[in-house]
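What follows is the residue order along each chain.
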Amino acid sequence: MRPGWDEYFMQIAQTVATRATCPRASVGCVLVRDHRILTTGYNGSPRGVAHCTDAGCIVINDHCQRATHAEANAIVQGALHGVNLSGSTAYCTHQPCVNCTKLFISAGVRRLVYHTAYADPVAQALLQEAAVELVRLELEEARP
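Here's a quick rundown of the structure. (Residues numbered from 1 in each chain as written. Predicted model: local features only at pLDDT ≥ 70, side-chain atom pairs only at ≥ 80, totals over all residues. Heavy atoms only, no water.)

**Comments concerning the layout of surface pockets**
Quantified by volume, the largest pocket comes out at close to 590 Å³. In terms of lining residues, the largest pocket is bounded by 22 residues, among which Ala25, Val27, His63, His69 and Tyr118 are the most central. Within the residue set of the lining of the largest pocket, elements represented by two or more residues are strand 4 (63-64), helix 3 (70-81) and helix 4 (98-107). For the lining of the largest pocket, the class distribution of residues is eleven nonpolar, eight polar and three charged. (1 Å grid on protein atoms, 1.4 Å probe; cavity = no way out; pocket = protein on both sides within 12 Å on 5 of 7 lines; lining within 4 Å. Points joined across faces, edges and corners; volume = space filled by probe spheres on them. Helix = DSSP H or I, 4+ residues; strand = E, 2+ residues; numbered from the N terminus. Nonpolar A, V, L, I, M, F, W, Y, C, P; charged D, E, K, R; others polar.)

**Remarks on helix 5 (residues 121-129)**
Regarding helix 5, its N-cap is aspartate 120, as a side-chain oxygen of that residue lies 2.9 Å from the backbone nitrogen of valine 122 further along. Immediately downstream of helix 5, the backbone of alanine 131 shows phi near 60°, a positive value. (Polar contact = N/O pair within 3.5 Å; in protein donor to acceptor, adjacent residues only side chain to side chain.)

**Digging into helix 3**
Each α-helix winds once per 3.6 residues, and so residues spaced three or four apart point in a common direction. For helix 3, spanning twelve residues, the distance from its first C-alpha to its last is 17 Å, which sits close to the expected 16 Å at 1.5 Å a residue. Of the positions making up helix 3, those classed as buried are Ala70, Glu71, Ala72, Asn73, Ala74, Ile75 and Gly78. Glycine 82 lies just past helix 3 and shows a positive phi near 70°. (Expected span 1.5 Å × (residues − 1). Buried < 20%, exposed > 50% of the residue type's maximum accessible area, 1.4 Å probe, protein only.)

**Comments concerning the sheet that holds strand 2 (residues 36-42)**
Pairing is mixed in the open sheet, where five strands are placed in the order 2-1-5-6-7. Every interior strand has two partners, whereas the edge strands, strand 2 and strand 7 (133-136), have only one. Strand-to-strand, the axes of this sheet are offset by a mean angle of 20°, without reference to chain direction. Sheet contacts for helix 3: strand 1 (28-33), strand 2 and strand 5 (89-94); angle to strand 2, the most-contacted strand, approximately 130°. (Pairing = 2+ DSSP bridges. Axes fitted to C-alpha atoms, helices over the stretch in contact; angles between N-to-C directions. Contact = heavy atoms within 4.5 Å.)

**So, the side chain of aspartate 120**
As for its placement among the helices and strands, aspartate 120 is situated in the loop between strand 6 (111-116) and helix 5. Within the buried core, aspartate 120 has no salt-bridge partner, and the shortest N-O distance to an opposite charge, that of lysine 102, equals 9.1 Å. Reaching out from aspartate 120, the side chain makes a polar contact with the backbone nitrogen of valine 122 at a distance of 2.9 Å. (Lys, Arg positive; Asp, Glu negative; His and termini not counted. Salt bridge = Lys/Arg side-chain N within 4 Å of Asp/Glu carboxyl O.)

**Here we look at the packing of aromatic side chains**
Using the criterion set out here, one finds four aromatic pairs in the structure. Geometrically, the ring pair formed by tryptophan 5 and tyrosine 8 is edge-to-face, given 5.9 Å between the ring centres and 80° between the ring planes. Here tryptophan 5 pairs with tyrosine 8, and both are found in helix 1 (residues 5-17), just three residues apart, close to one helical turn. What makes tryptophan 5 partly exposed here is its relative accessible area of 41%. Feature note: the residues Trp5, Tyr8, Phe9 and Tyr91 constitute an aromatic cluster, connected by ring pairs. (Phe/Tyr/Trp six-rings, centres within 6.5 Å; stacked < 30°, edge-to-face > 60°.)

**Examining the pairing of strand 7**
Relative to strand 7, strand 6 is paired through four bridges, and the arrangement is parallel. Considered in strand 7, the bridge of leucine 112 is made with leucine 134. In this view, the connection linking strand 6 to its parallel neighbour strand 7 by way of helix 5 has right-handed handedness. (Right-handed = clockwise from strand over helix to strand, strands pointing away.)

**Description of the pairing of strand 1**
Of all six residues making up strand 1, five are buried, and the element is well covered by its neighbours. Linking strand 1 back to strand 2 in an antiparallel pair, the connection comprises two residues, with aspartate 34 at a positive phi of about 55°.

Okay, structure coming up:
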């Protein structure tokens, strides 16, 4: 069966996540407007910094400090290439943390679709205050 737009872009986000270089989590993000992909991002080290898979994670308070989150990387790609993200929808394999949520709000993302819950009440409150729609998407298993 032909997937709907949300399912389609979430499947792409899941593919993007396969590029992740931090073994703690494989996260992918796709930013879309008018059914067109604007940018993508996965969790991995900043440009010029060794990847976790090569040099190991730097873990402080149970968070890897070497890797940049997928959502932040997708926003950075927009900045690097002059892509306006205002009015876009973010498709994330995991519900964004509070810091990535704030970046999305500031970048003008209007809708956030995620698959795996990572509930953060502060992030949810900020999204509600900023009138950003939050949608959890359950995906059916791929059919042959």
